[in-house]
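Residue-level listing of the chains:
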Amino acid sequence: MNVLILGIDGYIGFPLALRFLSMGYNVYGADNFYTRRRVKAVGSDTAIPINTMDIRLKKIREKTGKSITFFKGNVSNPQFMYDIIKKSSPDVIVHLAEQRSAPYSMIGLRQAIETLDNNINSTMNLIYAVKDIKRDAHIIKLGTMGEYGTPNIDIPEGFFNIEYHGRRDYLPFPRSGQSWYHLSKVHDTNNLMLATKIWGLTVTDVMQGVVYGTRTEELNEYKMTTRFDIDETYGTVLNRFASQAVLGMPLTVYGAGNQKRGFLSLEDSITCLSLIAEHPEPENYNVINQFDEYYSLNYLAEKVKEKYEEIYNKDVEISHIDDPRIELDDHYYNPEHKKLYELGFKSRVKLDDEIYNIMNDLNENRLRLLRLKDSIMPRTFWKS
Ligand code: USQ
């Protein structure tokens, strides 16, 4: 089986490649190092050092005796997308190569358009390249739980039964993204759904929650690292709280902190994606909500505080600051997530243990972390 990972240099892409290698796949990957550049452009860097792609590939060869075929280039360029689909003839394609930061997309018009262009174009290129070259390839597309927003009713996995004015139908659940980034994923969802209807493509659209953690089984085994962002633009909330605790800064809970989101560890995210790769639904558009548990931000801040104080015996402050985003900070939240469990998913990571690992790994890189301190406080305000 050939698998092509678009965005193989990223937080998820790199450990996913190691997992596919260990499962016996022939692994191909593409990246243009956009995230490395963008994070530096917003004045930050990965808090845990990572190797260049050349060194990554060399280490993998030395440790596993296997090679990854790497294509450097931009998947928003149709010619590049067609070339790599031809060369890799993939059975499975995992598309992780989109601009992934909601705050980045809200900085201004340039960043909003860049996010929409980049994300929508790359998925359209993928759809057409697969239709023209390898129609039976299984497209696994990374969407986001944020596509649904926070409606005052339960959230199904993509579709729901609805009765309106006495008539019934099974329809896509309404999407309500709260940033241009989240909306770019909604547009991808619509484009993939239509493409599947017209050409019978095989698509799994993964509505993923917020990912946290520094480790996976293979990263540990090969003593390698994946990037870890903590800045206001690219860092996600739990990873940021852990870094703030290590830096002795107050944990920045935005607003009341009763926002609830689905979360999963990096290890679990990789496991879910590889499980999905093994279970295509041919010629179908399938939606999977991918998270393990949902938590409120207040709960997570308290957890990080408790863990840090217990291990390092130093006080941690929690600070509720004005929410830079436009979002409900207290709401109903009950998303379904049955399909992954039906495929056999079992979480292997306990929240407390992974918080401990993150803190440990950050402490080992304390000097580097200190240099990134200025990138932590929010500077991107949805309303400005
Ligand atoms: N938040 C804080 N304090 C912080 C940072 C964030 O309270 O210091 C809050 C935000 O206001 C938000 C929640 O934490 O309510 C999550 O924010 P986030 O930055 O961790 O996550 P988000 O912007 O939603 O995006 C991230 C990834 C994105 C992925 C998404 C999954 O960057 O690629 O799609 O998580 S989800 O949130 O389920 O849509």
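- Per an unreviewed UniProt entry, the protein chain is named UDP-sulfoquinovose synthase, and its organism is Picrophilus torridus.

1. Regarding unusual backbone geometry
Here is step 1 of the chain: Of note, Lys223 is a non-glycine position whose phi angle comes to about 55 degrees, a positive value.
Here is step 2 of the chain: As for its position among the elements, Lys223 is in the loop between helix H8 (217-222) and helix H9 (237-247).
Here is step 3 of the chain: Backbone geometry places Asn313, a non-glycine residue, at a positive phi of 55 degrees.
Here is step 4 of the chain: Of note, Asn313 is situated in the loop between helix H11 (297-312) and strand E14 (318-321).
Here is step 5 of the chain: For Asn313, a relative accessible area of 69% translates into the label exposed.

2. Remarks on the sheet that holds strand E9 (residues 210-212)
Here is step 1 of the chain: As summarised here, the arrangement of the three strands in space is E9-E11-E13, forming an open sheet in which the pairing is mixed. Bordering the open sheet on either side are E9 and strand E13 (293-296), each of which pairs with just one other strand. Each strand of the sheet is rotated relative to its neighbour by a mean of 45 degrees, with strand direction disregarded.
Here is step 2 of the chain: Across three bridges, the pairing between E9 and strand E11 (residues 260-265) is parallel. Bridging from a neighbouring strand, Val211 pairs with Leu264 of E11.
Here is step 3 of the chain: In the packing of H11 onto the sheet, the strands contacted are E11 and E13, and the crossing angle to E13 comes to about 85 degrees.

3. Regarding the sheet that holds strand E3 (residues 69-72)
Here is step 1 of the chain: Read from one edge of the open sheet, seven strands run E3-E2-E1-E4-E5-E8-E12, paired in parallel fashion. Unpaired on one side and paired on the other, E3 and strand E12 (285-290) mark the two borders of the sheet. For this sheet, the mean angle separating the axes of adjacent strands, direction not counted, is 20 degrees.
Here is step 2 of the chain: Strand direction decides the pairing type here: strand E4 (residues 92-95) and strand E5 (residues 138-144), joined by four bridges, are parallel. Paired with His95 across the two strands is Lys141, which belongs to E5.
Here is step 3 of the chain: In this fold helix H4 (residues 78-88) packs onto strand E1 (2-6), strand E2 (26-31), E3 and E4, with an angle of close to 155 degrees to the strand it touches most, E1.

4. As for the environment of Ala112
Here is step 1 of the chain: Residue placement: Ala112 occurs in helix H6 (residues 109-133).
Here is step 2 of the chain: With 176 residues separating them in the primary sequence, Ala112 and Ile288 have C-alpha atoms 27 Å apart.
Here is step 3 of the chain: Non-local contacts of Ala112, meaning those with residues more than four positions away in its chain, are made with Ser105 and Trp180.

5. Structural notes on the environment of Leu6
Here is step 1 of the chain: Topologically, Leu6 is positioned in strand E1.
Here is step 2 of the chain: Judged by its relative accessible area of 0%, Leu6 falls in the buried class.
Here is step 3 of the chain: Sequence separation between Leu6 and Pro174 is 168 residues; the distance between their C-alpha atoms is 28 Å.
Here is step 4 of the chain: Apart from the residues lying within four places of it in its own chain, the contact partners of Leu6 are Ala30, Val75, Met81, Ile84, Ile93, Val94, His95, Leu96, Ala97 and Leu126.

6. Comments concerning the pattern of salt bridges
Here is step 1 of the chain: Within the structure shown, the criterion is met by 26 salt bridges.
Here is step 2 of the chain: For Arg168, the salt bridge identified is with Glu163, shortest N-O distance 3.3 Å.
Here is step 3 of the chain: Between Glu309 and Lys305 there is a salt bridge, with its nearest N and O atoms 3.0 Å apart. Of this pair, Glu309 and Lys305 both sit in helix H11, four residues apart, which is roughly one turn of that helix.
Here is step 4 of the chain: Put simply, Arg19, Glu217, Glu218, Glu267 and Arg348 are held in one network by salt bridges that share partners.

Rules and cut-offs
Residues numbered from 1 in each chain as written. Predicted model: local features only at pLDDT ≥ 70, side-chain atom pairs only at ≥ 80, totals over all residues. Heavy atoms only, no water. Helix = DSSP H or I, 4+ residues; strand = E, 2+ residues; numbered from the N terminus. Buried < 20%, exposed > 50% of the residue type's maximum accessible area, 1.4 Å probe, protein only. Pairing = 2+ DSSP bridges. Axes fitted to C-alpha atoms, helices over the stretch in contact; angles between N-to-C directions. Contact = heavy atoms within 4.5 Å. Salt bridge = Lys/Arg side-chain N within 4 Å of Asp/Glu carboxyl O.

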